[in-house]
Amino acid sequence: MNLIFHILRKDFHHVRLILCVWYLLLTLAAALQAKSDLLLGEDAELSKVPVQDKEVVMAVFFLAVLAAVLELSLRATVVSKLIHDDSVVGSTAFWLSRPVSGSKLLASKALFLALTLVLPAMLVRLLVFSQFVGANSTSRHDLLAEVVSAAVLMTLAVLTPSLARMAFLGGIMAGVTCSGLLFLSWLAIPAVDGQELGRLFTDELPWLLVLAVCGVAICNQYLTRRTARSTIMAFTGIPLFLLLMSRHWFQGAI
Amino acid sequence: MSAIIETRELSRRFGQNLAVNDFTMQVPRGSIFALLGPNGAGKTTVIKMLMNMIRPSNGRASVLDVDSLRLGPDEMSRIGYVSENQDLPGWMSVQELVDYCRPMYPSWDTDLCAQLIRQFDLPLAQKIHGFSRGMRSKAALLVALAYRPELVVLDEPFNGLDLLVRDEFIRGLLELSGRTEWTVLVASHDIDEVERLVDWVGVIDRGALRLSESAASLESRFRHCEFTLEPGGQLPAALPESWLLPASVGQRVRFVESAYRDETGVGRVRRIVPGLMDLTVNRMSLKEIFVALARNYRAEV
């Protein structure tokens, strides 16, 4: 246990500055998103916004998207620094020649992510949205999304040796997933309309599956350092995710 | 003498390339063992398999009496490893690196650590990423020796170091060897670097161990021989296998005898080549022996 906290302290010392910047950006992004949601109203339709307010709403919306992209990029950078500093890919990492087991390293990194990324992100979201929008504006699904995003970023980081490779693998996985989703929605036409597509992202089961697959791939990588096998595990999650995502579209047909 | 490292038919394949092939070796406990071989011979791959950094494709190895695949924190706390390929946390200063490593080792020797810092002239507050290659090697050596490991594994530790730094590095190791009961395995492509250190030598070539012997034994059985054939004289068609790299210029013949014995060596040469003149037999340094062996292995291909 001491070793876990010892590594955690080292990691915190390493990423503390970038973490502070991320906290600021996280708060800003959440505030802008909450403001944008408030201005757009429950329906989130620009057509219902009074003409004189449209420019302001558009500007806030644009800033919210920009801040969200920057926040995600910085979040990925923090995860990359954290994981790649004690890389589990290749055979040159410093920790490999030290009395540190893969399981303790995993425990330390997971604890660090939970305490410094997931928990603050949840808290910021809860606080900012309750302030701007209302007490019950943050759903369980929003909180689950924070956990899933951290797990996905960690998975990408443990399968790669650098931030650039991590972004590349993330791009490939996102590309495959989006292509699969488009293909399935094309197959299911006319069952899929805008409302159905919106429902996709509020269904919790596929995201729980993503979490489970990420967990298995991360554990396998830390405990065995067999990167090819862990990558296959991570990619196996994509078709399962797509099937769960699109299961409602085909229920009628089946 | 028991072995602290033992490998049996260790092999490692990278795609089509067989980097290490049926590598069987024993490193005697308490020895300073040099694993020598040209670049690309498979030294680093062997060491990475020993340290459980990569898995062997076949065969097995044991380190500190534990299967290399099962090396855990207990064993790693008894091994000091330095490699030119090792990543050091560049964002740390030397002081931070020491503070990070110290709690991992129950046997950490603060006095020895302070002595090594002084000896290597390491600036405590400077970040490692700003270090020269030599300084990085010294920082790596510092955190590999300060806990008095039973086994020190050095993989090409001298690459890129200037002569002065190399000398300091070797002197540091030699001084510690005088005071510490340990085994050192050092892999290098250049015996010059380790000649002062070693008492046991292994030669690896194209992934296979070609020789493993004490330095004293090697020095006693290798001789550089040179003689002149009598006018009209010729070398026998079949020379002994122990004569390596035979070459002649006119009537002058030279070769390396790899099975020399003080009491019978000269007589044996005279029996094989009767009527020879001006026979000279010279002792060889480890470097000369290594070069002769490497050239001989290349000639065999």
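Residues numbered from 1 in each chain as written. Chains lettered and ligands numbered in written order. Predicted model: local features only at pLDDT ≥ 70, side-chain atom pairs only at ≥ 80, totals over all residues. Heavy atoms only, no water.

K.L.:
Whenever I open this one, the overall build of chain B confuses me. Can you help?
P.N.:
If you tally the helices and strands in chain B, you get ten helices and 14 strands. Viewed in the frame of its principal axes, chain B has a C-alpha envelope of about 75 × 40 × 35 Å. Taken across its 301 residues, chain B has 54% of its residues classed as buried. Only carbon and sulfur atoms are counted for the fraction: they give 47% of the accessible area of chain B, which is about 13500 Å². (Helix = DSSP H or I, 4+ residues; strand = E, 2+ residues; numbered from the N terminus. Buried < 20%, exposed > 50% of the residue type's maximum accessible area, 1.4 Å probe, protein only. Areas by Shrake-Rupley, 256 points an atom, 1.4 Å probe, with all protein chains shown as cover.)

K.L.:
How do you make sense of the side chain of Thr7 of chain B when you look at a structure like this?
P.N.:
Residue and element names in this part refer to chain B. Tracing the sequence through the fold places Thr7 in strand E1 (residues 3–14). When its relative accessible area of 1% is taken as the criterion, Thr7 is described as buried. There is a polar contact of 2.9 Å between the side chain of Thr7 and the backbone oxygen of Phe23. In this structure the side chain of Thr7 is engaged in a polar contact, spanning 2.8 Å, whose partner is the backbone nitrogen of Met25. Leaving out residues up to four positions away in the same chain, Thr7 has contacts with Phe23, Thr24, Met25, Leu50, Arg60 and Ala61. (Polar contact = N/O pair within 3.5 Å; in protein donor to acceptor, adjacent residues only side chain to side chain. Contact = heavy atoms within 4.5 Å.)

K.L.:
Would you mind showing me how to read the packing of aromatic side chains here?
P.N.:
Each aromatic ring pair is summarised here by two numbers: the centre-to-centre distance and the angle between the ring planes. All names here are of chain B. Within the structure shown, the criterion is met by eight aromatic pairs over all chains. Arranged with centres 6.2 Å apart and planes meeting at 70°, the rings of Phe227 and Phe255 form a pair that is edge-to-face. Here Phe227 is found in strand E11 (residues 223–228), whereas its partner Phe255 is found in strand E13 (residues 252–257), with 28 residues between them in sequence. Following the ring pairs from residue to residue traces out a cluster consisting of Tyr105, Trp108 and Tyr147. (Phe/Tyr/Trp six-rings, centres within 6.5 Å; stacked < 30°, edge-to-face > 60°.)

K.L.:
Which parts of the structure should I look at to understand the sheet that holds E11 of chain B?
P.N.:
Paired through their backbone hydrogen bonds, the strands of a sheet run either parallel or antiparallel. Residues and elements named next belong to chain B. The sheet built from four strands is open, its strands ordered E12-E13-E11-E14 with antiparallel pairing. The strands lining the two open edges of the sheet, one partner per strand, are strand E12 (243–249) and strand E14 (277–283). Between one strand axis and the next, the sheet turns by 15° as a mean value, whatever way the strands run. Sheet topology note: the E12/E13 ladder contains five bridges and is antiparallel. Considered in E13, the bridge of Ala247 is made with Arg254. Each of E11, E12, E13 and E14 touches helix H9 (residues 265–272); the most contacted strand, E14, lies at about 140° to it. Strands in contact with helix H10 (residues 286–300) are E12, E13 and E14; relative to E12, the strand with the most contacts, it is inclined by about 85°. (Pairing = 2+ DSSP bridges. Axes fitted to C-alpha atoms, helices over the stretch in contact; angles between N-to-C directions.)

K.L.:
Would you take a moment to explain the sheet that holds strand E4 (residues 58–63) of chain B for this structure?
P.N.:
Residues and elements named next belong to chain B. Ordered by their spatial adjacency, four strands build an open sheet running E2-E1-E4-E5, and the pairing between neighbours is antiparallel. Every interior strand has two partners, whereas the edge strands, strand E2 (17–28) and strand E5 (66–67), have only one. Helix-sheet contacts for helix H1 (residues 43–50) involve E1, E2 and E4, and the interaxial angle to E1 is about 115°.

K.L.:
Would you mind going over the confidence of the model for chain B with me for this structure?
P.N.:
Low-confidence regions, as indicated by low pLDDT, have predicted coordinates that should not be scrutinised in detail. With 98% of its residues at a pLDDT of 70 or more, chain B shows a mean pLDDT of 87. On the interface metric, ipTM, the complex scores 0.83, and its pTM is 0.86. (pLDDT = per-residue confidence, 0-100.)

K.L.:
Explanation requested: the domain arrangement of chain A in the structure shown.
P.N.:
Accessible area lost upon the coming together of the parts serves often as the stated size of an interface. Residue and element names in this part refer to chain A. Under the domain assignment used here, chain A contains domain 1 (1–134) and domain 2 (139–254). Listed per partner, the contact involves 25 residues of domain 1 and 23 residues of domain 2. The contact between domain 1 and domain 2 buries some 2100 Å² in all, and 75% of this surface belongs to carbon and sulfur atoms. Among the residues domain 1 hides against domain 2, the three largest losses belong to His84, Val88 and Leu106. Together they make up 26% of the total. Our enumeration of links across domain 1 and domain 2 arrives at one salt bridge. Taking the shortest distance from any N to any O, the salt bridge between Glu146 and Arg75 comes out at 3.0 Å. (Domains from an automatic or database assignment. Buried area = accessible area lost by both parts, 1.4 Å probe. Salt bridge = Lys/Arg side-chain N within 4 Å of Asp/Glu carboxyl O.)

K.L.:
Can you help me understand the pairing of E1 of chain B in this one?
P.N.:
Strand residues, when the strand is regular, have side chains that alternate between the two faces of the sheet. All names here are of chain B. Pairing of E1 with E2, which is carried by eight bridges, proceeds in the antiparallel orientation. Note that in E2 the partner of Arg12 across the bridge is Val20. Between E1 and the antiparallel strand that follows it, E2, lie two residues; Gly15 among them carries a positive phi value of about 65°. Direction of pairing for E1 relative to E4: antiparallel, over a ladder of five bridges. Along E4, the bridge assignment pairs Glu6 with Ser62.

K.L.:
What is the right way to look at the interface of chain B and chain A in this model?
P.N.:
At the junction of the two partners, chain B supplies 27 residues and chain A supplies 19 residues. It is Met53, Trp91 and Tyr100 of chain B in chain B that bury the most area against chain A; as a group they hold 32% of the surface buried on that side. Joining chain B to chain A, the criterion identifies zero salt bridges. Counting every contact that joins chain B to chain A gives ten residue pairs in polar contact (both at pLDDT 80 or more). Residue assignment for the side of chain B that touches chain A shows that the elements contributing at least two residues are helix H2 (73–76), helix H3 (94–101) and helix H5 (133–145) of chain B. Considering every element that reaches the side of chain B that touches chain A, the biggest residue donor is H3 of chain B, with five residues. Here the residues of the side of chain B that touches chain A are counted per class, giving 18 nonpolar, four polar and five charged. (Nonpolar A, V, L, I, M, F, W, Y, C, P; charged D, E, K, R; others polar.)

K.L.:
Sorry if this is basic, but what is going on with the pattern of salt bridges here?
P.N.:
Where charged atoms from two side chains of opposite charge come close, those side chains can pair. Residue and element names in this part refer to chain B. Under the counting rule described, the total for this entry stands at 22 salt bridges over all chains. In this structure, Glu150 engages Arg78 in a salt bridge whose closest nitrogen and oxygen atoms are separated by 2.7 Å. Here Arg78 lies in the loop between H2 and strand E6 (79–83) and Glu150 lies in the loop between H5 and strand E7 (151–155), a separation of 72 residues in the sequence. Taking the relative accessible area as the measure of exposure, Glu150 reaches 30% and is therefore partly exposed. In this structure Arg78 comes out as partly exposed when scored by relative accessible area, which is 30%. Put simply, Arg148 and Asp109 hold a salt bridge, and the shortest N to O gap is 2.9 Å.

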